[in-house]
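Tertiary structure, described
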Amino acid sequence: MVSEKEENCGLFGIFGDPEAVQKVYYGLYSLQHRGQEAAGIASSDGEFIQCCSGMGTVGRVFRKNSRRLEKLANPTAIGHVRYSTTGASKLINAQPLLSEYSRGQVAVAHNGNLINASLLRDEYEAYGSIFRSTTDTEVIIHLLAKPGHVANRDPLGHVLNHLQGAYCLLFLFEDRIEAARDPYGIHPLSIGQTERGSYVVASETCAFDAIGAKFIREVAPGEIVTLNKDGMRSRFFVKPGSITPAHCIFEHIYFSKQNSFLFGENVHEFRKKLGVQLAKEHPADADVVIPVPDSGTSSAVGFSAQSGVPFDMGLVRSHYIGRTFIAPSQEEREMAVRLKLAVIKEAVKGKRVAVVDDSIVRGTTTRGKIRALREAGAKEIHMRVSCPPIRYPCFYGIDFPTSEELLAHGRDLTQIAEFLEVDSVGYLSLEGLLDSAKLPGDHYCTACWSGSYRIPVDVALNKFAMEHYQMRMFDNLTDEDE
Ligand code: SF4
């Protein structure tokens, strides 16, 4: 399957560990599902920061025991895996972004989307600032370097108050890491600790599992956590509790890994609850429940348990078809779906099949899967979706298509079933989704279903706002470095 909804980015950082760079490398590997377009690591020896990034997956940019990793070997490091939500997929936009300003060096890694980035950039360019990338992240460095901001008692907290939108940020200064999360806490960011006592910070707790660190807590919305030689220190750049959070509930439904813990609960357990609720709201007369792996699997387990319809694996996913296979034509896309998700004929032949998926975006890849199941002999197909119909785009860092391209935009359930070529379709209700969550319903962003954006967005200024900034640069890493 070619994914219709792309991940945002993944962050990982560790302070004061003899194997810091190796741990960032493994941490980024475990966050690879959040972005495969580029990867980078910046590290500090306490006085000097160096950085290396490149296009592609972590394994492509950093080979284990390579000279690149050797050159980066320092006790403090941050890393980033990227999927471009603003700014094109080019080397100039790979992160961390390393810069030098009046206070020394700083490397920045960002997950999210700043909705006022183009306004800020235009303002700075009008005064002569030169930008070297087309990402929204670079405006943060310009804000940090502004003399009026540098002189502030807390320059970083002051700068963060100028940003609007979704952001989890890691700043690597020569002597410390600063981790910050936007006041709405849209995307996840957590703190952990290794057995040796080094503090780590990551987009998802699955990265702690990967390096044997234990989860301590989530970075709170509007909080800055400093990791330095004195340990961990916290401060807030907005009054704690003054803003109701708007956690991206799609992180739970689709983006995050099943073993991650975020917004107060485990992803797998949450998805199982969605499946249970979905079976209550939309039971299916079926002989077998099959998931669309991987993100639909946990919900299908819940659906099967609640409905009593046996669970089976009717689709098997290949993890070896990467983004390079994304194909421009419909025919090629359908071929990609077949390669990515193969049908196990014996599990579906002659059966009434309930297919559980986490979400449907454009619907074309789902229809490809349905056709493949029919060809394999499925007698009836009942599509069950563990989130409501997606009708609106996301401006907070998740790369959905425009409203017009979304299957559920302007279509009712009958039209959706016709498009998908299924015998029935049932979506989880928004109430059912929010009732299944641990936190109160108003603590989540649900804009892609409701169209109600908690942080007001000027649509004309966003989504592709940074794409008119054009820059070209070639990969200047040499083979010798690999
Ligand atoms: S609009 Fe949807 S995908 Fe975007 S942050 Fe809100 S819940 Fe998440």
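Residues numbered from 1 in each chain as written. Predicted model: local features only at pLDDT ≥ 70, side-chain atom pairs only at ≥ 80, totals over all residues. Heavy atoms only, no water.

Below, the discussion takes up the sheet that holds strand β17 (residues 288–291). Spatially, β17-β20-β21-β22 is the arrangement adopted by the four strands of the open sheet, whose pairing is parallel. Every interior strand has two partners, whereas the edge strands, β17 and β22 (424–427), have only one. On average, adjacent strands in this sheet sit at an angle of 20° to one another, irrespective of strand direction. Where β17 lies against strand β20 (residues 352–357), four bridges are found, and the strand directions are parallel. Note on β20: the bridge partner recorded for Pro291 is Val356. Lying on the sheet, helix α10 (residues 267–281) is in contact with β20, β21 (380–385) and β22; it crosses β22 at an angle near 125°. (Pairing = 2+ DSSP bridges. Helix = DSSP H or I, 4+ residues; strand = E, 2+ residues; numbered from the N terminus. Axes fitted to C-alpha atoms, helices over the stretch in contact; angles between N-to-C directions. Contact = heavy atoms within 4.5 Å.)

Here we come to the site of the ligand. Surveying the vicinity of the ligand reveals the residues Ile186, Cys248, Phe250, Cys394, Tyr396, Ile398, Phe400, Cys445, Ala447 and Cys448. Given that more than half its atoms are within 2 Å of the pocket grid, the ligand belongs to the largest cavity. Across the shell around the ligand, the residue classes break down as ten nonpolar, no polar and no charged. (Near = heavy atom within 4 Å. 1 Å grid on protein atoms, 1.4 Å probe; cavity = no way out; pocket = protein on both sides within 12 Å on 5 of 7 lines; lining within 4 Å. Sits in = over half its atoms within 2 Å of the grid points. Nonpolar A, V, L, I, M, F, W, Y, C, P; charged D, E, K, R; others polar.)

Okay, the environment of Asn8 next. As for its placement among the helices and strands, Asn8 is situated in the segment before β1 (9–14). Classification of Asn8 by relative accessible area gives buried; the value is 1%. Note: C-alpha distance between Asn8 and His33 (25 residues apart in sequence) is 9.3 Å. (Buried < 20%, exposed > 50% of the residue type's maximum accessible area, 1.4 Å probe, protein only.)

Take helix α4 (residues 117–126) next. Along α4, the residues that are buried comprise Ala117, Ser118, Leu120, Arg121 and Tyr124. Taken around the axis of α4, the buried residues stretch over an arc of 160°, which confines them to a single face. On its buried side, α4 packs onto β6 (104–114), α5 (138–145) and α6 (147–150). (Arc of directions from axis to C-beta.)

A few words now on the side chain of Glu265. When you line up the elements, Glu265 lands in strand β16 (residues 265–266). By relative accessible area, Glu265 is classed as buried at 7%.

This part covers α10. A rise of 1.5 Å per residue sets the reference length of α10, with its 15 residues, at 21 Å; its end C-alpha atoms lie 21 Å apart and thus fit the reference within 8%. Taken as a whole, α10 has its buried residues at Val267, Phe270, Arg271, Leu274, Gly275, Leu278 and Ala279. The backbone nitrogen of His268 lies 3.1 Å from a side-chain oxygen of the residue at the head of α10, namely Asn266. (Expected span 1.5 Å × (residues − 1). Polar contact = N/O pair within 3.5 Å; in protein donor to acceptor, adjacent residues only side chain to side chain.)

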